[in-house]
Amino acid sequence: MIAAQAKLVYHLNKYYNEKCQARKAAIAKTIREVCKVVSDVLKEVEVQEPRFISSLNEMDNRYEGLEVISPTEFEVVLYLNQMGVFNFVDDGSLPGCAVLKLSDGRKRSMSLWVEFITASGYLSARKIRSRFQTLVAQAVDKCSYRDVVKMVADTSEVKLRIRDRYVVQITPAFKCTGIWPRSAAHWPLPHIPWPGPNRVAEVKAEGFNLLSKECHSLAGKQSSAESDAWVLQFAEAENRLQMGGCRKKCLSILKTLRDRH
């Protein structure tokens, strides 16, 4: 039994060192190439509209806010600032989503995003995304990489196609720290020993993101609150939960198997 386990561990490590590391190195090279183009486009956006400030920064050889969907698909989360005058509402009526509602109608003019607030007092994710899409389309025409980058048409998402090889989605978002959504209140399950209370406290303090993107669970529904809703995302929580043990290594092996087969 021990011999069989040792053999399995040997082969897993061999696969990880040969195949997974090669995949990681290739993706890291692609990310650098892609981020040069995206940064240039976002710089141009910022010139036109200073409220959309690029938050794509390189830290410890990784880009904060960039997620690898596959070796040719990426998502960049663009963190917007100021959401102080809004109440966060997730009452379960919009699965996987929440809305931002003005806490006091008189504070409308104090909001940095005043023109994206609906008559009902919601900060509209769709309106912000639509404005951002227009700005990115203009920036693509002006940026220094205009020969290799173009907008992906027929979608309300902001997507760039780079060198006809890579697709990058740029998603406006708000970072919410220090609060935890009601819709995730059941986590962690009480009878499961992992994660420990300290890690749970870290994760909950880290908070979550609200993304302006199409929510598949709301597809086909037409009410205005739904089109104004923000999608809940827990990227930082996931990163923290992957720390320790060999979770990241396992995930890397699974991703490599998926890409190769």
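Anything mentioned here points back to the structure above.
Please read all numbers here as calculations on a predicted model, not as lab measurements.

A. The arrangement of the packing of aromatic side chains in detail. Inspection of every chain in the model, using the stated rule, returns 9 aromatic pairs. Ring geometry for tryptophan 180 versus tryptophan 187: centroids 5.9 Å apart, planes at 40°, classification tilted. In textbook terms, an aromatic cluster arises when at least three aromatic residues are bridged by ring pairs, as seen for Phe52, Trp113, Phe116, Phe132, Phe174 and Trp230. The ring of tyrosine 122 has lysine 101 lying over it, and the distance from NZ or CZ to the ring centre is 5.2 Å.

B. How the structure looks around unusual backbone geometry. Of note, the amide linkage connecting tryptophan 187 to proline 188 takes the cis form, showing an omega dihedral of -5°. In the segment running from tryptophan 194 into proline 195, the intervening peptide bond is cis, with an omega of -5°. Relative to the assigned elements, proline 195 resides in the loop between strand 9 (166-176) and helix 3 (197-206). Phi angles above zero are rare outside glycine, and aspartate 154 is one such case at about 60°. Note that aspartate 154 resides in the loop between strand 7 (149-151) and strand 8 (159-162).

C. Region of interest: the nonpolar core. Grouped together as the largest cluster of nonpolar side chains are 47 residues, with contacts concentrated most on Val38, Phe52, Leu123, Phe132, Ile170 and Leu210. Mapped by element, the contributors of at least two residues to this core are helix 1 (2-48), strand 4 (73-79), strand 6 (97-102), helix 2 (125-142), strand 8, strand 9, strand 10 (208-211) and strand 11 (230-233). Considering each element in turn, this core owes the most residues, 9 residues, to helix 1. In this structure, phenylalanine 132 is in contact with Leu42, Val45, Phe52, Leu78, Val158, Ile170 and Pro172, ignoring residues within four places of it in sequence.

D. Main features of the pairing of strand 10. Side-chain alternation along strand 10 places Phe208 and Leu210 on one buried face and Asn209 and Leu211 on a second face that is also buried. As judged from the 4 bridges shared by strand 9 and strand 10, these two strands associate in the antiparallel manner. Across the sheet, the residue bridging to alanine 173 is leucine 211, located in strand 10. Where strand 10 and strand 11 come together, 3 bridges link them in antiparallel fashion. In the sheet register, asparagine 209 faces strand 11, and the bridge partner there is glutamine 233.

E. Local environment of the packing of helix 1 against helix 2. For the pair helix 1 and helix 2, interaxial distance at closest approach is 8 Å and the crossing angle is 115°. Both helix 1 and helix 2 take part in a crossing whose hand is right-handed. Two secondary-structure elements touch here, helix 1 through Val41, Leu42, Glu44, Val45 and Gln48 and helix 2 through Phe132, Leu135, Val136, Gln138, Ala139, Val140 and Lys142. Split into classes, the residues belonging to the contact of helix 1 with helix 2 amount to 8 nonpolar, 2 polar and 2 charged.

F. Representation of a nonpolar patch on the surface in the model. A cluster of nonpolar side chains, contributed by Leu189, Ile192 and Trp194, occupies part of the molecular surface with about 280 Å² of accessible area. By secondary structure assignment, the location of isoleucine 192 is in the loop between strand 9 and helix 3.

G. Structural context of the pairing of strand 6. Among the 6 residues in strand 6, 5 count as buried, and that is most of the element. Bridge count between strand 5 (residues 86-89) and strand 6: 4 bridges; the pairing is antiparallel. By the bridge assignment for strand 6, phenylalanine 86 is matched with leucine 102. The pairing of strand 6 with strand 11 spans 2 bridges and is classified as antiparallel. Within strand 11, the position partnered with cysteine 97 by the bridge is valine 231.

Criteria and thresholds
- Residues numbered from 1 in each chain as written.
- Predicted model: local features only at pLDDT ≥ 70, side-chain atom pairs only at ≥ 80, totals over all residues.
- Heavy atoms only, no water.
- Phe/Tyr/Trp six-rings, centres within 6.5 Å; stacked < 30°, edge-to-face > 60°.
- Lys NZ or Arg CZ within 6 Å of the ring centre and 35° of its normal.
- Helix = DSSP H or I, 4+ residues; strand = E, 2+ residues; numbered from the N terminus.
- Core = buried A, V, L, I, M, F, W, Y, C linked by side-chain atoms within 4.5 Å.
- Buried < 20%, exposed > 50% of the residue type's maximum accessible area, 1.4 Å probe, protein only.
- Contact = heavy atoms within 4.5 Å.
- Pairing = 2+ DSSP bridges.
- Axes fitted to C-alpha atoms, helices over the stretch in contact; angles between N-to-C directions.
- Left-handed = near helix turned anticlockwise from the far one by under 90°.
- Nonpolar A, V, L, I, M, F, W, Y, C, P; charged D, E, K, R; others polar.
- Patch = residues over 30% accessible without salt bridge, like charges linked within 9 Å, V, L, I, M, F, W, Y side chains within 5 Å.
- Areas by Shrake-Rupley, 256 points an atom, 1.4 Å probe, with all protein chains shown as cover.
- Salt bridge = Lys/Arg side-chain N within 4 Å of Asp/Glu carboxyl O.

By themselves, these are just geometric observations and shouldn't be taken as functional.
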